[in-house]
Amino acid sequence: MDIDTKAEEENSRRVQVRFITKLKPPLKVAPTSIAIPSNLTRLGLSSLVNNLIQATTPDWNPQPFDFLIDGELVRMSLDNFLLAKAISAEKILEIEYIKAVAPTKHEEPSFHDDWVSALDGSDPRFIVTGCYDGLARVWKAAGVCTHVLEGHSDGVTSVRVIESKGGEGVTVATASKDRTLRLWKFDTEESVNYPMKIRAFKILRGHGGSVQCVAAKKSGDMVCSGSWDCTINLWRTNELDNDGDLVSVKKRKVNDQADESQLEV
């Protein structure tokens, strides 16, 4: 048998199928069995179903369909699917068709210089990410970084929005492999040239190992951190601590931007 003859036989091979659906008319075709080429893919099956619908609904506008056999989506030719699933082609195949789901539209990625290790999207106005490049970033939309939280000397392992009471000012806590936590303030509505680099107004020291996680009290006045040193620490976040240590924020102008000095606790 030559190659041309073999190809012709494969193209002429047919299987008996019955198209079924849970869709309502006019999307529903007659449940009679028909013989179709076994090498049809999803595109060919979709074209065939559209032709069957158009036969009874002349003004039908073709649309894409997906197909299932025994509850599993068909993503290859019928021949290959039947072979892969060990389904006999000698019986009448019931093929269910459904409306094709349009692929999700992906936004442009927001790039980082290293592994993204943490994310907090609890505030609908922005997202905070932590990265192993030692920086945390604030994003208002995909690809638009508004603030860079700069100061950690090692990878950021956890981020948490700890105060956002409806106003514009926001406080964020970050934890890091450098054994510290840092507290940051920024204005979500501040009109600046993005991205704006900001410094922490408070550094929380006390762990003897990498700080792996940080959580915030709902009131926003306390955070809890967990570390590889096998300890859990509680920290006050308010700038005027109850023990009398005043944490002030000194600002100086650097390149026309407010640069906040970092105070250690």
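Residues numbered from 1 in each chain as written. Predicted model: local features only at pLDDT ≥ 70, side-chain atom pairs only at ≥ 80, totals over all residues. Heavy atoms only, no water.

How would you summarise the confidence of the model for the protein chain if you had to cite specific residues and measurements?
Across the protein chain, the average pLDDT comes to 82, with 79% of residues at or above 70. Long-range and interchain partners of residues 1–9, a stretch whose pLDDT sits below 50, account for two contacts in this model, where long-range means more than four residues apart. Confidence drops under a pLDDT of 50 for residues 256–261, and excluding neighbours within four residues, the segment shows 22 contacts in the predicted structure. (pLDDT = per-residue confidence, 0-100. Contact = heavy atoms within 4.5 Å.)

Report on the pattern of salt bridges, specifying residues and quantitative values.
With the rule as written, the count across this model stands at twelve salt bridges. Ionic pairing is found between Glu 94 and Arg 18, a salt bridge with its closest N-O pair at 3.5 Å. Of the two residues, Glu 94 sits in strand S5 (residues 93–99) while Arg 18 sits in strand S1 (residues 14–20), which places them 76 residues apart along the sequence. On the basis of relative accessible area, Arg 18 is assigned to the partly exposed category, the value being 23%. (Salt bridge = Lys/Arg side-chain N within 4 Å of Asp/Glu carboxyl O. Helix = DSSP H or I, 4+ residues; strand = E, 2+ residues; numbered from the N terminus. Buried < 20%, exposed > 50% of the residue type's maximum accessible area, 1.4 Å probe, protein only.)

Break down the nonpolar core for me, with residues and values.
By size, the foremost hydrophobic cluster in this structure holds 23 residues, and its most contacted members are Phe 19, Ile 36, Phe 65, Phe 67, Ile 95 and Tyr 97. Mapped by element, the contributors of at least two residues to this core are S1, helix H2 (42–56), strand S3 (65–69), helix H3 (78–84) and S5. Leaving out residues up to four positions away in the same chain, Phe 19 has contacts with Val 29, Ala 30, Pro 31, Ile 34, Ile 36, Leu 45, Leu 48, Val 49, Leu 52, Phe 67, Ile 95 and Tyr 97. By size, the runner-up hydrophobic cluster in this structure holds 16 residues, among which are Val 138, Val 159, Val 170 and Ala 200. (Core = buried A, V, L, I, M, F, W, Y, C linked by side-chain atoms within 4.5 Å.)

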